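Breakdown of the fold
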Amino acid sequence: MRLTRVYVDAALEPGALLTLTGSAAGHLTRVLRLRPKAVLTLFNGRGGEYAARIERVQGNKVTVAVGEHAAIERESPFPLTLAQGVSRGERMDLVVQKATELGVARLVPVLTERSIVRLDEEQSDRKSSHWRAVAIAACEQCGRNRLPEVALPSRLREFLRQAAAEAAESVRLLLSPSATHRIEDVPRPARGATVLIGPEGGLSDAEQEGAVAAGFTAVNLGPRVLRTETAAIASLTLLQREFGDL
């Protein structure tokens, strides 16, 4: 039977008692209906995972006993960065969730000319926190013990400027329906890959030219035009199949 996994943003030590509150405690007691003596797994994103057991349930608080640490890692050997054009609501949540499951190491939400979503500073912080929570839930489900980095949303121009300064050993790919190259045509990168995908409506011609000037190679995923969320899932899957651990 699969153990319940819970992310804890705190130091963990075998033999310690830890009190869970908020959504984590509510999920254990109200959704999963776990009671004292139930076993679960804790992780804090710093590597490995801990066996644990519920000791007490008191109102909205759950006390767990932390057990032994297991140095288990399920990270991909091929570091992937997904630069995803911010899309609306559930589409972006789906991308964050599936990218986490597929082992992406870093997710950069980018704002483009055709982005329907417009964010000010306060909204960017709130969205980033929300997407991080989606990534945490995905880690709990898929078994990852390290959280992917979820960057604050940035303008595409700024992202391209930063990408151009990164090590050349990390290949940069731009998904474009008009490209002639395929992902399988890309030589094996020495240091992972960065994939840039536009939002609904794609990237403008000027943005694609800017990406190519920043060192991105345009590739396509076949003869059909995919939705932005489908393109993210398909490209990450292909890259993990070619160079990672799928």
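Everything below is about the structure shown above.
Description of the structure in this document. (Residues numbered from 1 in each chain as written. Predicted model: local features only at pLDDT ≥ 70, side-chain atom pairs only at ≥ 80, totals over all residues. Heavy atoms only, no water.)

Remarks on the overall build of the protein chain
For the protein chain, the count of helices and strands is 6 helices and 13 strands. Across its three principal directions, the C-alpha atoms of the protein chain cover 60 × 35 × 35 Å. Relative to its full complement of 246 residues, the protein chain shows a buried share of 47%. A separation of at least 24 residues holds for 72% of the contacts in the protein chain among residues at least 6 apart in sequence. (Helix = DSSP H or I, 4+ residues; strand = E, 2+ residues; numbered from the N terminus. Buried < 20%, exposed > 50% of the residue type's maximum accessible area, 1.4 Å probe, protein only. Contact = heavy atoms within 4.5 Å.)

Topic: helix H2 (residues 89–101)
In a regular helix each residue adds 1.5 Å, so 13 residues correspond to 18 Å; H2 covers 19 Å between its end C-alpha atoms and thus fits that length. If you check which residues of H2 are buried, you get Met 92, Val 95, Val 96, Ala 99 and Thr 100. Taken down its axis, H2 places every buried residue within 125° of arc, on the same side. At the C-terminal side of H2, Gly 103 shows a positive phi close to 90°. (Expected span 1.5 Å × (residues − 1). Arc of directions from axis to C-beta.)

Quick notes on the environment of Thr 100
Within the fold, Thr 100 resides in helix H2. Those residues within four positions of Thr 100 in sequence are excluded, and the remaining contacts are Ala 135, Ala 138, Cys 139, Cys 142, Arg 144 and Pro 148.

Description of the sheet that holds strand S2 (residues 17–20)
Working definition: the strands of a sheet are paired by backbone hydrogen bonds and lie parallel or antiparallel to each other. Pairing within the open sheet is mixed, and its 5 strands lie in the order S1-S3-S4-S5-S2. Edge positions in the open sheet fall to strand S1 (4–7) and S2, since each of these has one partner strand only. Direction aside, the axes of adjacent strands within the sheet are offset by 40° on average. When strand S3 (residues 39–43) meets strand S4 (residues 49–58), the two strands line up antiparallel, connected through 4 bridges. (Pairing = 2+ DSSP bridges. Axes fitted to C-alpha atoms, helices over the stretch in contact; angles between N-to-C directions.)

Regarding the pattern of salt bridges
Pairing is possible between side chains that carry opposite charge, provided their charged atoms lie close to one another. Under the counting rule described, the total for this entry stands at 11 salt bridges. For the salt bridge of Glu 75 with Arg 144, the shortest nitrogen-to-oxygen distance reads 2.7 Å. Here Glu 75, found in the loop between strand S5 (61–70) and strand S6 (80–85), pairs with Arg 144, found in the loop between helix H3 (121–142) and strand S8 (149–150); they are 69 residues apart in sequence, far enough to count as distant. A relative accessible area of 28% places Glu 75 in the partly exposed class. What makes Arg 144 buried here is its relative accessible area of 3%. Residue Arg 91 is joined to Glu 229 by a salt bridge in which the shortest nitrogen-to-oxygen separation is 3.9 Å. Here the residue Arg 91 occupies a position in helix H2, and Glu 229 occupies one in helix H6 (residues 228–243), the gap between them amounting to 138 residues. On the basis of relative accessible area, Arg 91 is assigned to the partly exposed category, the value being 26%. When salt bridges with common partners are traced through the structure, they connect Arg 88, Arg 91, Glu 200 and Glu 229 into a single cluster. (Salt bridge = Lys/Arg side-chain N within 4 Å of Asp/Glu carboxyl O.)

As for the packing of aromatic side chains
What the rule picks out here adds up to 3 aromatic pairs. Between Tyr 7 and Phe 43, the ring centres sit 5.6 Å apart and the planes meet at 55°, which makes this aromatic pair tilted. On the criterion of sequence distance, the pair formed by Tyr 7 in strand S1 and Phe 43 in strand S3 is long-range, its members being 36 residues apart. With respect to burial, Tyr 7 and Phe 43 carry one shared label: buried. Ring centres 6.2 Å apart and planes at 50° place the aromatic pair Phe 159 and Phe 216 in the tilted group. Of the two residues, Phe 159 is situated in helix H4 (residues 156–164) and Phe 216 in the loop between helix H5 (205–213) and strand S13 (217–220); the sequence distance between them amounts to 57 residues. (Phe/Tyr/Trp six-rings, centres within 6.5 Å; stacked < 30°, edge-to-face > 60°.)

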